[in-house]
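Understanding the architecture of this molecule
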Amino acid sequence: MEQARMASASAPAVRRRSERSTPVERSQRETLTQVQVLRALAASSVALRHAQHDAATLELQAGRTFQSWNPIPWSAGVDIFFVISGLIMVHTSRQLFAKPRGARLFISRRIARIVPLYWALTSLYIAVAVAAPNFLNQSYVDFRFVVESYLFVPASRPDGVVQPVYELGWTLNYEMLFYVLFTATIVLPMRWAVTVLLTILVGMVLSGALAAPLPEPWGFWTNPIILEFAFGAMIGVICASGLRPSGPIRACVAATGLGALMLAAAFPDISAGLGRPSCMAFRRL
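Values in this document were obtained by computation on a predicted structure and should not be read as measured data. (Residues numbered from 1 in each chain as written. Predicted model: local features only at pLDDT ≥ 70, side-chain atom pairs only at ≥ 80, totals over all residues. Heavy atoms only, no water.)

Before going further, it helps to spend a moment on the overall build of the chain. In terms of regular secondary structure, the chain is built from twelve helices and zero strands. Listed by position from the N terminus, the elements making up the chain come as α-α-α-α-α-α-α-α-α-α-α-α. Burial status across the chain gives 36% buried among its 285 residues. For the chain, restricting intrachain contacts to residue pairs at least 6 apart in sequence, the fraction spanning at least 24 positions comes to 71%. Carbon and sulfur atoms provide 66% of the accessible area of the chain, an area that totals close to 16900 Å². (Helix = DSSP H or I, 4+ residues; strand = E, 2+ residues; numbered from the N terminus. Buried < 20%, exposed > 50% of the residue type's maximum accessible area, 1.4 Å probe, protein only. Contact = heavy atoms within 4.5 Å. Areas by Shrake-Rupley, 256 points an atom, 1.4 Å probe, with all protein chains shown as cover.)

Now the structure itself:
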């Protein structure tokens, strides 16, 4: 009996400690199987695109011609990643919207997951560029450019390409912009937060189009590609509302998307004119 009373008395304290130590939502531990499969396919698509590019470079140096295989535009994997990012941010933050510590928890987790690894890779890349500049595609190390790369600020290289020191990190410049905007809006209830986020993203794209050409980083940050995060966020809200299309509908959407990708590869000039966000919206119908 004494042990039962002690256990009963300690239960509220245990619950309070548990609530304080685990303020994260349970949904963050959920796995969206279909999204993980799509993410793997997108990663494979990007990897194949880079592999073919490197193979073509090597063949050209050897005086031969490389015949690439492009039944779909492999670079579309990047667009899929951006859409998935918007979806995942809404899905994993469902219990953080309009919460007192929600914004701080969200941005601190994003920073902890991305910044240390990215900074380590950037530092390694700089070390190689200094020690063996001919080994890399770029042979310069500019102090301001390096600082901007560490801070995820888009900047133009001497050749005019807007990429950080670690070239593949250009996508993280967009991701960090989205994280900052998401952090600013997560203080609102979910539907209001996503509505405000979409309004900001659309406004940025329209402003960039009206004021073009803009210097960096504004030209980079107002690129219509940021609307792909908006697509993903909208899908996240739909998922959170409990809407689940039937199997045949999902199969039709997947088939339509694959067909759109194949058309984009068959008619690259037309698809390029539509713009990446427009193509991605069409592929998801």
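Past the structure itself, the notes keep going.
On to the nonpolar core. Counting 47 residues, the largest nonpolar core has Phe182, Leu201 and Ile226 as the members making the most contacts within it. When residues of this core are traced back to their parent elements, those giving at least two are helix H2 (33-61), helix H3 (76-92), helix H4 (102-131), helix H6 (170-185), helix H7 (190-211), helix H8 (218-221) and helix H9 (227-240). Ignoring sequence-local partners within four residues, the contact set of Leu201 consists of Leu181, Ile226, Leu227, Phe229 and Ala230. One finds Phe145, Val146, Ala155 and Val165 within the second-largest nonpolar core, a separate group that totals six residues. (Core = buried A, V, L, I, M, F, W, Y, C linked by side-chain atoms within 4.5 Å.)

Tallied over the entire structure, the rule returns two salt bridges. Note that Arg144 and Glu148 form a salt bridge whose closest N and O atoms lie 3.4 Å from each other. You can see Arg144 and its partner Glu148 sitting in helix H5 (residues 143-150), four residues apart, about one turn around the helix. The exposure class assigned to Arg144 is exposed, which follows from its relative accessible area of 62%. Exposure remark for Glu148: the relative accessible area of 16% places this residue in the buried category. Across the pair Glu167 and Arg157 runs a salt bridge whose closest N-O atoms are separated by 3.0 Å. (Salt bridge = Lys/Arg side-chain N within 4 Å of Asp/Glu carboxyl O.)

For H4, with 30 residues, the first-to-last C-alpha span of 44 Å sits near the 44 Å given by 1.5 Å per residue. At Ile111, H4 shows its maximal bend, which comes to roughly 30°. If you check which residues of H4 are buried, you get Gly102, Ala103, Leu105, Phe106, Arg110, Ile114, Val115, Tyr118, Thr122, Tyr125, Ile126 and Ala129. (Expected span 1.5 Å × (residues − 1). Bend = angle between axes of the 7 residues up to and from the residue.)

According to the stated counting rule, one finds 15 aromatic pairs in the structure shown. Taking the centre distance of 5.6 Å and the plane angle of 75° together, the rings of Tyr125 and Tyr166 count as edge-to-face. A residue pair is termed long-range when its members are at least 10 positions apart, and Tyr125 in helix H4 and Tyr166 in the loop between H5 and H6 qualify at 41 residues. Here Tyr125 falls in the buried class, since its relative accessible area comes to 15%. Positioned over the ring face of Tyr179 is Arg110, at 5.7 Å from the centre of the ring. (Phe/Tyr/Trp six-rings, centres within 6.5 Å; stacked < 30°, edge-to-face > 60°. Lys NZ or Arg CZ within 6 Å of the ring centre and 35° of its normal.)

Turning to its location among the elements, Leu105 is positioned in helix H4. In this structure, the C-alpha to C-alpha distance between Leu105 and Ser93, residues twelve residues apart in sequence, is 9.6 Å.

Turning next to H7. Between its terminal C-alpha atoms H7 stretches 31 Å, which fits the 32 Å expected from 22 residues at 1.5 Å a residue. Where H7 is concerned, the buried positions are Met190, Ala193, Val194, Leu197, Leu198, Leu201, Met204, Val205 and Gly208. With its buried residues spanning 135° around the axis, H7 presents them on a single face. In this structure, H7 carries Arg191, Trp192, Thr199, Leu206 and Leu210 as exposed residues pointing more than 90 degrees from its buried face. (Arc of directions from axis to C-beta.)

Of the residues in the chain, 81% reach a pLDDT of 70 or more, and the chain-wide mean stands at 80. Averaged pLDDT values for the elements of the chain fall to 44 in helix H1 (residues 2-21) and rise to 95 in H6. Contacts from residues 1-29, a stretch scored under 50 in pLDDT, to residues over four places away or in other chains number 17 contacts. In the model, residues 279-285 has pLDDT below 50 throughout and makes 20 contacts with residues more than four positions away in sequence or in other chains. (pLDDT = per-residue confidence, 0-100.)

Mapping Thr183 onto the fold places it in helix H6. One polar contact links the side chain of Thr183 to the main-chain carbonyl oxygen of Tyr179, over a distance of 2.7 Å. Every residue in contact with Thr183, bar those within four places of it in the chain, is listed here: Ala103, Phe106 and Ile107. (Polar contact = N/O pair within 3.5 Å; in protein donor to acceptor, adjacent residues only side chain to side chain.)

Attention now moves to a nonpolar patch on the surface. Together, Val37, Leu38 and Leu41 make up an exposed nonpolar region whose accessible area comes to about 260 Å². For Leu38, the location among the structural elements is in helix H2. (Patch = residues over 30% accessible without salt bridge, like charges linked within 9 Å, V, L, I, M, F, W, Y side chains within 5 Å.)

In this section: the packing of H4 against H5. At their nearest, the axes of H4 and H5 sit 10 Å apart, and the two run at 155° to each other. Taken as axis vectors, H4 and H5 run roughly antiparallel relative to one another. Considering only the axes of H4 and H5, their crossing is right-handed. Across from Tyr118, Trp119, Thr122, Ser123 and Ile126 in H4, the residues of H5 making contact are Val146, Ser149 and Tyr150. Each residue belonging to the contact of H4 with H5 can be placed in one class, and the counts come to five nonpolar, three polar and no charged. (Axes fitted to C-alpha atoms, helices over the stretch in contact; angles between N-to-C directions. Parallel < 35°, antiparallel > 145°, perpendicular 65-115°, else oblique. Left-handed = near helix turned anticlockwise from the far one by under 90°. Nonpolar A, V, L, I, M, F, W, Y, C, P; charged D, E, K, R; others polar.)

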